[in-house]
Amino acid sequence: MGAEAGDITNQPHKLERTSTTISEDKVASNVGTNKINRPVMDAAYVGWKQIGNWEEKDELTPEDYLLDLNKETILNNIIPDNMYGDWYHSVAVFFVGGLLSFGFGYFHFSFGPVFFVVLITALLYRTSVKKYRASIRDLAQKEITVQKVEDDFESLEWLNNLLTKYWPIIEPHVSGMIVQQVNDILRTNPSIPPFIKALWIDQFTLGVKPPRIDHVRTFQNTASDVVVVDWGVSFTPHDLSDMDAKQVRNYVNQKVVIKANVFGVTIPVSVSDISFKADTRVRFKLMTPFPHVETVNVQLLEVPDIDFVASLFGNTLFNMEILSIPGLLPLINQMAKKYMGPVLLPPFSLQLNIPQLISQANLAIGILEITVKNAKNIVRSSSMLNVSIDPYLAFELSGKIVGKTRTVRDTLNPVWNETIYVLLETFTDPLTISLYDKRDRLKDKVLGRIVYNLNSLHDQREQKKITASFLRNSKPMGDLTYDLRFFPTLSPKRLPNGVVEELPDLNTGVTKVVIEEARGLAELGTKVNAYVELYLNAKLVLSTKKIATDEEVFGWNEEYEAVIVDRRKARCKFVVKDGNDDSIITSTIQSLNDLIDRTQTDKKLIPLKNSKGELKVTTYWKPAVLDLGSTSIAYTPPIGAVRVFIQKAEHLKNLEKIGKIDPYAKVLVNGLSKGRTETREQTLNPVWNQAIYVAVTSPNQRITIECMDVETVNKDRSLGKFDVNLQELFEKDESDKYIQKSDNKPRVGRLVSKKGSKGDVTYTVAFYPSMPILTLEEIQDLEKIQKKKKAIEARKKSVKITSLSADEQQEIKEDEAEITELESLYGDKQKLELDDLLKYKSGVLAMSVLDGSVPGAGYYVQAFFDANGHARFTSPETQSKVIRTGWTGDVMIKELESSMTMLKVTKKRNSNKVESIVCSVTIPTLELIKKSYYRPSILTLSGDDSSTLMVQVSWFPIDVSELPQADLISNSGDLTITAKSAENLLPSDLNGFSDPYLKFYVNAEKGEPAWKTKTVKKTLNPTWNDTGTIQVGNRMYDTLVIRVMDWDSTSADDTIGWASLPLSQVDPKGTTSIDIQVDGENGEDGGILHLDFEFEPKYVTTVTKRETKVGDIASKGIGTGLKAGTTVIGAGLGTVGKLRHGIFGGKKKSHKSAEDSE
């Protein structure tokens, strides 16, 4: 198993002036993952029962617990009490015994008298020491019994008693898991020297005595969101003295025996009777969202007292106790103090970021922006070598240089005006700013240092105009003025109401690239020595260690973490080199976006150039809101748009106890919602027939379909989701351009949730590529590239490359590599003016809100397009009236000439187009592009309040001849129906006639009709010539249902026939005359209807204002105040809300049909 990298560096980012290239230390090598074939060795004894040879018959009885350890000897009853039992008595016994033995030897006595001296000495010592140990036990009992002087410590005896009771039960299982996992690691770890043929734990137990919390103290005078606790923790083995064999088998202490097979010889090492005592201080920083603890700081108040028995050769005849070596234990304590001090001993502490640990990405907690202004009054060193001062600054965290400024020549008052971004992993490590004097032929000299406590940044993230003095030998050596700002990395937060906030799709943040392994670099059996170089934006940032193996897999597991200030342009180049001669074996260049997408979709294996194997790379990403203007929210140009046509869902899980759910489906890209269908009420088998277009920036993005159930009070509930396989959609032609591809064969996806899988969704997919065009920013980048290229060529002509310093040569080399990469990146794109772009009527519209103002904090800005009743994208919640951090969203525009854009400010994040409108503005999309393409424009929103938004847009044309008719404006609009006449209708009255009229429904058979005709009495061949208009939202898939009714004056109207017409038969241009067959209630011929249709295409919004369900209020409000019976009441009232029928009856309508009253 690979170890973590020892050093994490990052690339500084400069703003106002350009610094010289900063050389960085290479990342420390990690343990690889090459396959190691060591034999599997099983542990001989695991757990206290096996170590102590415990059997069922050895279980202690109540009598055994009462057995006195202070057993008397024969001499106890003879010798007076004051003659034995203290330490000096034992000393006297050994002194007299030794003196007598010496005397017998001196006077040449035989060995017989000495034997009796030894026997008597042993009996006397045993009697004395047993009484001494008994007195110690009595003293310990007395300490427990006697009331202590008052202090502010608390006892946790309840927890200690609980552990004491259950520890012997769980210990064998815990020990077994430890042995299994550790032995597996030891068997496969390549860092173990090859001459060790086997290494394993042979015996292991944690003992029957658990760890103990001796005391707890909680500090009172802390902030409301801070908890500080002192804990005293100890782990003490049992005293086995004076126990009999049965008791020893029940009181087993800690023991570990590790065996190693070295050159064919097995060497055991035993560690037993481990004891320690530590006083710790733990600080919890609390927060409202899950997991409710933001940080935990752990501090040891002093070096722990640790003792153990370590034998080099185990329990063999030649064993040697390691700690018996004089001075070894004090040395261990001093080394512990030396290396633990800067991490755990006061004033330092180990800080754990809990949300970061839960996310499993283990990225930095944020980005520290250091803006260095200037330094004044630098004092020269007294050294004779200092003719001039060329100062520069170096920034250190945890003893590692993380950034440097440029060097200012020959000045005592340097001005830098430079900004550097560095990764911050914890607030507990202070920032060290060192002032250096740059010297050409000698090593750079330290002129002074500033140590800054970063803990203050946690609560005050922006600190301006900090002035501090450089210190050397505790004397000020000059003053530095600088600014600090902290930008935390963002993680999904679960709010108290259960809603998980989506992360903004920002262009700035922190990334970690982990080079895991390579496969297939050479033929199997051929030994290769290889390593990998990682270049970020053409700069070498990481070189892995060299691995020589004849296996197929090369394992490195080395990582590089960096601040990213423009994710769109970030590129990673992986170069696999031969470790013997540094020649290039193969390489690949990947955009950072693509690497992130590959990790999201678990496509971590990257094909290498010339088909020479694959490289496995994992890339983590966390956004951070850096104050870089529009760069933070810059949009990544798409490669095209994916059309997800969701037909229907079947057998959805019913989350309602009574009644049915109100489902809708949504499409997500990399976990971010990009579009949704309309809601279908009261059904487990909804039919949507709706297309959702999502823009994609790479073929490796993760597209997900998720079904939801609408809740009007609580958050919408997930019914399950699944990922869509799109890999076969992305194909390129001979010119390396994506081509249009449609898969019209219906697919079926199984919905999977945390509670299992239930429900199927039927859908189709298609891909429409966008035209590769240069954005305005890319055009500016190309102009800068050309200028830079000319400057490098001019510099090469003016001076010889060999006359430049190594740093200058490396800088030119990196600049040339970057120019080559960018020219390759932009080489296939076209430069089109706005007029040329607008000739394409379909495309992806990217909108960036840069600035603006809203009525106050707690508002959201939503964007609606065309007929969409739900927001295409929604802003984060505003924190104040002024919008300081913008956002970006995109949408597929199918017909630019008729497209409309609506921006709305609302208090409800998930409101639809007609709900909760504070203020809004509607503008033709074409006009918006013309006004906001080259430069931002300001939009004014009006209504109950007012807002202003500064927006800028981009237009990426989709190269498609024709989109499906169901997606165009001709698919929705106003349908004008002329009911002309009918023939041969069925009679319903006793007189042989009917009083017919028609009811028209869209995709329904009951409820309120969309329109109905007038009534013609006493005829089977009525002529109505009646005209009405209804709205149609999906002409290609909607069905017009016609109910032929007979009017009755004294009872409910009767249904005498049915007819239906797929509206796709209606021509969107001109008048369509259709004769429709009527079927009777029993399927008989019910006559013919003569109808005319005229269709006026326009965007139709089908959403309405949602009413809060009584059941939802009950489950959230009334239900929370009830205990018994809560479920019953919540279910009953919830049913009322779901069924849409009042419990108090409805308003009576005259001439209402029997079916309508159902």
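Note: the structure precedes this text.
Anyway, here's the lowdown on the structure attached to this text. By convention here, each chain's residues receive numbers from 1 onward along its written sequence. Restriction of local features to residues with pLDDT of at least 70 applies here, the model being predicted, together with a cutoff of 80 or more for giving and counting side-chain atom pairs; totals for whole chains, interfaces and linings are based on all residues. Neither water nor hydrogens contribute to the side-chain values; these are computed over all heavy atoms in the structure.

## A few points about the overall build of the chain
For the chain, the count of helices and strands is 15 helices and 51 strands. Using a 1.4 Å probe on the protein chains alone, a residue whose accessible area is under 20% of its type maximum counts as buried, one over 50% counts as exposed, and one in between counts as partly exposed. The 1158 residues of the chain split such that 46% are buried. The contact rule is simple, with two residues in contact once any of their heavy atoms fall within 4.5 Å. Within the chain, contacts between residues at least 6 apart in sequence are counted, and of these 68% link residues at least 24 apart. For the area figures, the Shrake-Rupley method with a 1.4 Å probe applies, and any residue is considered shielded solely by the protein chains shown. For the chain, the exposed area adds up to about 59,800 Å²; of that, 54% sits on carbon and sulfur atoms. Only DSSP runs of H or I reaching four residues or more are called helices, and only runs of E reaching two or more are called strands; each is numbered from the N terminus.

## What to know about the packing of aromatic side chains
Given two aromatic rings, their pairing is described by the distance between the two centres and the angle made by the two planes. Classification of ring pairs rests on two measures: the distance between centres of Phe, Tyr or Trp rings, Trp counted by its six-membered ring, which must be within 6.5 Å, and the angle between planes, read as stacked under 30 degrees, edge-to-face over 60 and tilted in between. Evaluation of the coordinates by the stated rule reveals 23 aromatic pairs. With 5.2 Å between their ring centres and 35° between their planes, Phe 645 and Tyr 1037 make a pair best called tilted. Taken together, the residues span a long stretch of sequence, with Phe 645 in strand β27 (residues 640-650) and Tyr 1037 in the loop between β47 (1023-1032) and β48 (1039-1046) at a distance of 392 residues. On the basis of relative accessible area, Phe 645 is assigned to the buried category, the value being 4%. Members of the aromatic cluster, joined through ring pairs, are Phe 102, Tyr 106 and Phe 107.

## As for the sheet that holds strand β25 (residues 605-607)
Backbone-to-backbone hydrogen bonds join strands into a sheet, with any given pair of strands oriented parallel or antiparallel. Read across the sheet, four strands follow the order β22-β18-β26-β25 without closing on themselves; strand pairing throughout is antiparallel. Here the strands that pair on one side only, and so sit at the sheet edges, are β22 (553-564) and β25. Neighbour to neighbour, the strand axes of the sheet diverge by 30° on average, direction disregarded. Two strands make a pair as long as DSSP finds a minimum of two bridges between them. Where strand β18 (residues 509-519) lies against β22, 10 bridges are found, and the strand directions are antiparallel. Paired with Glu 517 across the strands is Gly 555, a residue of β22. Each of β18, β22, β25 and β26 (614-623) touches helix α9 (residues 592-600); the most contacted strand, β26, lies at about 100° to it. Helix axes are fitted to C-alpha atoms over the stretch in contact, other axes to C-alpha atoms as well, and angles between N-to-C directions run from 0 to 180 degrees.

## Section: a nonpolar patch on the surface
Judged by side-chain polarity, Phe 111, Phe 115, Phe 116, Leu 119, Ile 120 and Leu 123 come together as a nonpolar surface patch covering roughly 650 Å² of accessible area. Along the chain, the position of Leu 123 falls in helix α4 (residues 111-145). Its relative accessible area of 43% is what places Leu 123 among the partly exposed residues. Think of a patch as exposed residues, more than 30% relative accessible area, with no salt bridge, where like charges cluster within 9 Å and nonpolar side chains (Val, Leu, Ile, Met, Phe, Trp, Tyr) cluster within 5 Å. For this analysis, a salt bridge means a side-chain nitrogen from Lys or Arg found within 4 Å of a carboxyl oxygen belonging to Asp or Glu.

## Some thoughts on the environment of Leu 124
Note that Leu 124 resides in helix α4. For the pair formed by Leu 124 and Thr 73, sequence separation is 51 residues and the distance between their alpha carbons is 9.7 Å. Sequence-distant contacts of Leu 124, that is, excluding residues within four places in its chain, are made with Leu 75, Ile 79 and Val 93.

## Regarding the pairing of strand β4 (residues 226-235)
Extensive coverage of β4 is indicated by the burial of seven of its 10 residues. Two strands pair when backbone bridges link them, and strand β3 (residues 212-218) and β4 are joined in this way by six bridges, in the antiparallel orientation. When the sheet's bridge partners are listed, Arg 217 is paired in β4 with Asp 230. Relative to strand β6 (residues 265-286), β4 runs antiparallel, the two sharing 10 bridges. Paired with Asp 230 across the strands is Arg 281, a residue of β6.

## Describing the pattern of salt bridges
The full count for this structure, using the stated rule, is 48 salt bridges. Arg 568 serves as the salt-bridge partner of Glu 777, at 2.9 Å between the closest nitrogen and oxygen. Within this pair, whereas Glu 777 is found in helix α10 (residues 776-798), its partner Arg 568 is found in the loop between β22 and β23 (571-578), the two being separated by 209 residues in sequence. In this structure Glu 777 comes out as partly exposed when scored by relative accessible area, which is 27%. Across the pair Lys 839 and Asp 836 runs a salt bridge whose closest N-O atoms are separated by 3.5 Å. Among the charged side chains, a salt-bridge network with shared partners connects Asp 566, Arg 568, Lys 569, Glu 777 and Asp 781.

## Section: helix α13 (residues 925-932)
Residues Thr 925, Leu 928, Ile 929 and Ser 932 constitute the buried set of α13. Seen from one end, α13 has its buried residues packed into an arc of 100°, which puts them on one side. Read the arc as the range of directions from the helix axis to the C-beta atoms.

## Some details on the side chain of His 89
Structurally, His 89 can be placed in helix α3 (residues 87-106). Polar contacts, as used here, are pairs of N or O atoms within 3.5 Å; protein pairs need one atom able to donate a hydrogen and one able to accept it. Residues neighboring in sequence count only if both atoms are side-chain atoms. At 3.3 Å, the side chain of His 89 forms a polar contact with the backbone oxygen of Asn 82. Setting aside anything within four residues of it in sequence, one finds His 89 in contact with Asn 82, Met 83, Tyr 84 and Ser 128.

## Here we look at α3
In this model, α3 (20 residues) spans 29 Å end to end at C-alpha, consistent with the 28 Å of a helix rising 1.5 Å per residue. The complete set of buried residues in α3 reads His 89, Ser 90, Val 93, Gly 97 and Gly 103. The buried side chains of α3 occupy one side of the element, clustering within an arc of 165° when seen end-on. Of the exposed residues in α3, those oriented more than 90 degrees away from the buried face are Trp 87, Phe 95, Leu 99, Phe 102 and Tyr 106. Positive phi appears at His 108, one or two residues downstream of α3, with a value of about 60°. Working rule for helices: expected span equals 1.5 Å times residues minus one.

## Some points on unusual backbone geometry
Here the residue pair Pro 346 and Pro 347 is connected by a cis peptide bond, since its omega of 5° sits within 30 degrees of zero. The residue Pro 347 is located in the loop between α7 (328-340) and β9 (350-353) in this model. Positive phi is not limited to glycine here, since Asp 736 has a value of about 65°. One can find Asp 736 in the loop between β32 (717-724) and β33 (741-753).

## Regarding the environment of Leu 159
Locating Leu 159 in the fold gives a position in helix α5 (residues 157-188). In this structure, the C-alpha to C-alpha distance between Leu 159 and Arg 212, residues 53 residues apart in sequence, is 8.5 Å.

## What about the side chain of Ser 899?
Take Ser 899: it is sitting in the loop between β39 (887-893) and β40 (900-906). Within the structure, the side chain of Ser 899 is placed 2.7 Å from the side chain of Asp 866, a separation counted as a polar contact. Excluding residues within four positions of it along the chain, Ser 899 makes contact with Asp 866, Ile 893, Pro 924, Thr 925 and Tyr 1099.

## Some remarks on a negative patch on the surface
Neither His nor the chain ends contribute to the count of charged residues, in which Lys and Arg are positive and Asp and Glu negative. Charge coordinates come from a single atom per side chain, which is NZ of Lys, CZ of Arg, CG of Asp or CD of Glu. Side chains of Asp 1079, Glu 1081, Glu 1084 and Asp 1085 sit close together on the surface and give a patch of like negative charge. Among the residues examined, Glu 1081 registers a relative accessible area of 44% and is labelled partly exposed.

## Digging into the environment of Thr 295
Tracing the sequence through the fold places Thr 295 in strand β7 (residues 293-300). Taking the C-alpha atoms as reference, Thr 295 lies 6.6 Å from Gln 351; in sequence the two are 56 residues apart. Once you skip the residues sitting within four places of it in the chain, Thr 295 turns out to touch Arg 283, Phe 284, Lys 285, Gln 351, Leu 352 and Asn 353.

By themselves, these are just geometric observations and shouldn't be taken as functional.
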